[in-house]
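Observations on the three-dimensional arrangement
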Amino acid sequence: MDLTSWLLRRTPVRPLIAAAPGGTAARLAAEREARVRGWRPALNPAEANLLIVAGQPQEPMAAAVEAVWRQMPFPRVRAELLHAAEVEGALDDAVRRLHSADHQRAQAHQAHPNDPAGHEHGEHPDAHGAETHTMDHGHGEPHEGHPRAAHGHGDHGPASSMTPHHGAHDDHAQHHEHASQGQAGHEQHHRDSPAHRAEQEHHAKHDQGGHEHDRPAGPDGHAGHGDHGEHPGHGEPIQHTAQGNHGGHADQGGHGGHDDHGGHGGHAGHDMSGMEMPGGIPMADRSPDRDGLQLDQLHVQLGPILPAWPEGLVVRTALQGDVIQEATIDLLPAPRGSDPFWSSLAEGVPGTAARRLDSCRRLLTVAGWEEAAVVAARLRDSALAGERIDPEFSRWARRVRRSRVLRWSLSGVGALDEPGSPLAGDAMDRLTRWLHDAEAELRDGVAANAEDPVGALERLPGLLAGSEFAAARLIVASLDPELERARVAHG
Amino acid sequence: MVEQLPFWGGLVLPLVLVLLVAAAAAWDSVLASQAAGSRNGALIEPFRAVAGLLVQQRRRTLAADLLLSRGGALALVVAGFLASLVTPLGRWVVADFSIGIVWFNAMEAVAWAAVWLVGWGANSAFGLIGGYRFVAQGLAYELPHMFALITAALGAESLRVADVVAAQDELWFVVWMPVAFVVYLLSVLAMAFWGPFDQAVGPDLAGGASAELSGVDRLLFEAGRWLLLVSGAAFAVPLFLGGGAGPLLPDWLWSLVKTAAVLAVLVWIRRRVPTVRMERYQEIAWIVLIPLTLVQALVVSLVVLAR
């Protein structure tokens, strides 16, 4: 028995749950099971060793899942859960695979049959069980001892020899990998969707100006970027990135709020020709900040796979420091014919209370109160199982209401001056209303089903613009739009 | 009363600190599993976590500054150990510097740089924000913290930790410097980015400064964080709680018991209180805590002058 297998068998499971739109039932079952088994949830792919995919991801989401999967270090396993009933068995199986040295080695071997590096690294092979696409070789998983060049494509043959599709995919892979960088949002680059291009730029630091030097036209020349491919020394990834960036920018221009585009001309004044692109990522963009200074601007995507984040929501942000300058939102599609989970619960289950507890769990998690969030999750699961939660619920609700630090942290965040609306007030008001709704249903059986997911989505970009990152996460969590219903409302 | 150990003291110190870290992590894990209503062996979970991190692949991000990010995690561990060089265990101390309090403060200030380096080095937007949050946090906690340390030094009229302990023969400093004691504990939480001051590695940032760490790097980072918390808790004992003084038990055991008690409270606070956002704490720190600690220092210096 070798030491590695011995340690591996003792590895605690750190699940990262990627909930696809329409996968609420599976997500709840997985969260419950993980909690009961004493698994502490991972906050990011780096920490995770079990990727739980709840529901059936449709295209952009599926690519996001792949991206997160590639970012996860070895040892790792993936469990795909479609129905709540199969969760227990699927997770048992996942744990078995996680703790099996043979499985982990075989997986690595299979993914990298020709890559000696994969073997050298023993238990740290570069594999992502990703069903062995050849192009997976394109992105060196960032592992120890690999020459840096592995991050470029130099050693895997030119991407141009692949089919365009492969080339593109390869590029994506490259991105996610590293992009942990843009890990923001855990990197999801969907291929083939217009969205994907915008996303490429979320590779955080990119500098529009960085491309400026060999660009023939002015700011409107964003389209003319094919020539980046020929740019020597940048390696393969850049071509795509560059195009992605520009796609993204054009996109942003469309929002009107990006008046710094004109400003890029000014950047040409920087010594761009000498500017290195570290690791092939263009440098950060620049634009004036709220105090009128020229500061770096990053494009960061939040969601769809992020802790305590509404399923299927994607927020694209332009960040300066930790201040969000502008935000646009996207809803990822759900599979056809899926019913909104929360409105199709069985008779007798306090659905509103459970839904409110789920929202509370998210908000409390983002507010950094792990304890209260975990209790909310436990109460939610009990409520869904049809158990009485009353005495403990009241104790918990009292504690949440009375927490001065929480009030201090939430008050004034995401304030909406719309009396009578279910979204009115600030984050603390909305939390208080949730507690009240849940209480009313548990005590009197009256389900106050006042939610306005469409309204929440409409207000989100305005609320997010100008807020600091921490506040932005609280705003999203305090609105917690039920996207499954928003989609229905949209038709 | 406090004597410096020969060289092997430096070898025993890490063992003692690691034991305290293990105990604190196990306590934290038990509290967590109680809240979650889970049925698994919470006591050994931290040890399993170490096993898991030892076999986990080290990953790195594109264009990461490995020297900075890995160096940062290592610096956190080293600073955690070195800070405790001047903390007496009963009557033994590894290094009895004449400026022990300054040494302690200098070591924990290393954490400032270390966390920022880890966040910055990963070349990741979340890491970057997390790193800067910690710098902002430092601006909030460091000054009140220094005034709290200075207050204890004033009371003893010395920067040597042994003198501070000796000065508490009759009355523990916690009794007549309660403000400094509370502020000290708050800043220990803040410098270990623990409890309500964990915004630098918060869940809203998917782990913030530590978002990209895996394997040994994460192990070092987490260990460094625990070491800072333990070192901070242990230093509260000679500073405010009379060092190893106490009835019946030997003085080294009293030191350990007091340290464990402080540590237990610090770990437990995290369960009770949500994260304090830095821009809010900044106000409190500068408008309330700094004046309070200054008044406390003034009172102490007047007492020292008068007696």
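What counts, and at which threshold
Residues numbered from 1 in each chain as written. Chains lettered and ligands numbered in written order. Predicted model: local features only at pLDDT ≥ 70, side-chain atom pairs only at ≥ 80, totals over all residues. Heavy atoms only, no water. Helix = DSSP H or I, 4+ residues; strand = E, 2+ residues; numbered from the N terminus. Rg over C-alpha atoms; globule rule 2.2 N^0.38 Å. Buried < 20%, exposed > 50% of the residue type's maximum accessible area, 1.4 Å probe, protein only. Contact = heavy atoms within 4.5 Å. Areas by Shrake-Rupley, 256 points an atom, 1.4 Å probe, with all protein chains shown as cover. Expected span 1.5 Å × (residues − 1). Core = buried A, V, L, I, M, F, W, Y, C linked by side-chain atoms within 4.5 Å. Pairing = 2+ DSSP bridges. Axes fitted to C-alpha atoms, helices over the stretch in contact; angles between N-to-C directions. Salt bridge = Lys/Arg side-chain N within 4 Å of Asp/Glu carboxyl O. Patch = residues over 30% accessible without salt bridge, like charges linked within 9 Å, V, L, I, M, F, W, Y side chains within 5 Å. Buried area = accessible area lost by both parts, 1.4 Å probe. Polar contact = N/O pair within 3.5 Å; in protein donor to acceptor, adjacent residues only side chain to side chain. Nonpolar A, V, L, I, M, F, W, Y, C, P; charged D, E, K, R; others polar. Parallel < 35°, antiparallel > 145°, perpendicular 65-115°, else oblique. Left-handed = near helix turned anticlockwise from the far one by under 90°.

Moving on, we get to the overall build of chain B. Counting secondary structure elements, chain B contains eleven helices and two strands. Helices and strands in chain B line up, N terminus first, as β-α-α-α-β-α-α-α-α-α-α-α-α. For 307 residues, the compact-globule estimate of 2.2 N^0.38 gives 19 Å, and the C-alpha radius of gyration of chain B, at 19 Å, lies within 12% of that figure. Considering only C-alpha atoms, chain B reaches an extent of 60 × 40 × 40 Å along its principal axes.

Now for the overall build of chain A. Along its length, chain A carries 19 helices and seven strands. Taken over 491 residues, chain A has a buried fraction of 60%. Of the contacts formed within chain A by residues at least 6 apart in sequence, a portion of 68% connects residues at least 24 apart. About 18300 Å² of surface is accessible on chain A, with carbon and sulfur atoms providing 52% of the total.

Residues and elements named next belong to chain A. If you check helix α12 (residues 351–366), its first and last C-alpha atoms are 23 Å apart, about what 16 residues at 1.5 Å a residue would give, namely 22 Å. The buried fraction of α12 is high, at 16 of 16 residues. Among the residues trailing α12, glycine 368 stands out with phi positive, at a value near 80°.

Quick look at the nonpolar core now. All names here are of chain B. Core analysis: the largest hydrophobic core is formed by 77 residues, its most contacted members being Tyr184, Leu229, Phe235, Leu239, Phe240 and Tyr281. Element by element, the count of residues in this core is highest for helix α9 (residues 215–240), at twelve residues. Those residues in contact with phenylalanine 235, other than ones at most four positions away along the chain, are Val86, Thr87, Ile101, Phe104, Leu149, Val161 and Tyr184.

It is worth spelling out the sheet that holds strand β2 (residues 50–54) of chain A at this point. All names here are of chain A. Taken in spatial order, the three strands of this open sheet run β1-β2-β3, and their pairing is parallel. Each end of this open sheet is capped by a strand with a single partner; those strands are β1 (15–19) and β3 (77–81). In this sheet, adjacent strand axes meet at a mean angle of 20° when their direction is disregarded. Taken together, the five bridges between β2 and β3 define a ladder with parallel strand orientation. Across the sheet, the residue bridging to leucine 51 is arginine 78, located in β3. Sheet strands touched by helix α4 (residues 87–98): β2 and β3. Its angle to β3, the strand with the most contacts, is close to 170°.

All right, on to the pattern of salt bridges then. Using the criterion set out here, one finds 45 salt bridges over all chains in the structure. For aspartate 437 of chain A, the salt bridge identified is with arginine 356 of chain A, shortest N-O distance 2.9 Å. With aspartate 437 of chain A in helix α16 (residues 427–444) and arginine 356 of chain A in helix α12, the pair connects residues that are 81 residues apart, well separated along the chain. Residues glutamate 371 of chain A and arginine 271 of chain B are paired through a salt bridge, measuring 3.3 Å at the closest nitrogen-oxygen approach. Taken together, the residues glutamate 371 of chain A in helix α13 (residues 370–384) and arginine 271 of chain B in helix α10 (residues 251–272) connect one chain to another. Exposure class is identical for glutamate 371 of chain A and arginine 271 of chain B. Each is buried. Here the salt bridges share partners, and the residues they tie into one network are Arg27, Glu31, Arg35, Glu311, Arg355, Asp358, Arg361, Arg362, Arg380, Asp381, Asp480 and Glu482 of chain A.

All names here are of chain A. The strand order across the open sheet built from four strands is β4-β5-β6-β7, with neighbouring strands paired in antiparallel fashion. Strand pairing shows two members of the sheet lacking a second neighbour, β4 (285–288) and β7 (323–331), which therefore form its edges. Averaged over all neighbouring strand pairs, the angle between strand axes comes to 30°, with direction disregarded. Examined bridge by bridge, strand β5 (residues 294–302) and strand β6 (residues 313–320) share five bridges and lie antiparallel to one another. Within β6, the position partnered with glutamine 301 by the bridge is arginine 316.

All names here are of chain A. Taking 1.5 Å per residue, 13 residues should reach 18 Å; helix α2 (residues 24–36) reaches 18 Å between its end C-alpha atoms and fits that length. Where burial is concerned, most of α2 is hidden: eleven out of the 13 residues are buried. All of the buried residues along α2 are Thr24, Ala26, Arg27, Leu28, Ala29, Ala30, Glu31, Glu33, Ala34, Arg35 and Val36. Two residues or fewer past α2, glycine 38 is found with a positive phi of approximately 80°.

There is a patch of nonpolar side chains on the surface, built from Phe7, Trp8, Leu11 and Val12 of chain B and spanning about 470 Å² of accessible area. Relative to the helices and strands, phenylalanine 7 of chain B resides in the loop between β1 (3–4) and α1 (9–36).

The next point concerns the interface of chain A and chain B. Across the contact, 78 residues belong to chain A and 59 residues belong to chain B. Taking both partners together, chain A and chain B bury about 5700 Å²; carbon and sulfur atoms supply 54% of that area. Two residues, arginine 271 of chain B and glutamate 370 of chain A, come together in a salt bridge whose shortest N-O distance is 3.8 Å. Put simply, chain A and chain B have 20 residue pairs in polar contact (both at pLDDT 80 or more) between them. Every element with two or more residues in the side of chain A that touches chain B is listed here: α1 (3–10), α2, β5, α12, α13, α15 (404–410) and α18 (469–479) of chain A. Tallied by class, residues from the side of chain A that touches chain B come to 35 nonpolar, 23 polar and 20 charged.

All names here are of chain A. Within β6, eight of the eight residues are buried, leaving the element largely enclosed by the surrounding structure. The alternating pattern of β6 places Leu313, Val315, Thr317 and Leu319 on one face and Val314, Arg316, Ala318 and Gln320 on the opposite face, and all of these are buried. Where β6 meets β7, eight bridges bridge the pair, whose relative direction is antiparallel. Bridging across to β7, leucine 313 finds its partner in leucine 331. Counted between consecutive antiparallel strands, the loop separating β6 from β7 contains two residues, among which glycine 321 sits at a positive phi close to 60°.

Turning next to the environment of leucine 227 of chain B. Residue and element names in this part refer to chain B. As for its placement among the helices and strands, leucine 227 is situated in helix α9. Classification of leucine 227 as buried rests on a relative accessible area of 4%. Separated by 13 residues in the primary sequence, leucine 227 and serine 214 have C-alpha atoms spaced 19 Å apart. Apart from residues lying up to four places away in sequence, leucine 227 is in contact with Leu17, Val21, Val77, Gly80 and Phe81.

Mapped onto the fold, serine 38 of chain B is located in the loop between α1 and α2 (45–55). By relative accessible area, serine 38 of chain B is classed as buried at 15%. In this structure serine 38 of chain B touches Arg35, Val36, Arg37 and Gly38 of chain A together with Ser33 of chain B, once residues within four positions along its chain are discounted.

All names here are of chain A. Close contact between α2 and α4 brings their axes to 10 Å; oriented N to C, the two are set at 55°. Taken together, α2 and α4 sit at an angle that is classed as oblique. Considering the relative orientation of α2 and α4, their crossing is right-handed. Here Ala26, Ala29, Ala30 and Glu33 of α2 lie close against α4, whose contacting residues are Val87, Glu88 and Leu91.

Limitation: the analysis is restricted to geometry and does not speak to function.
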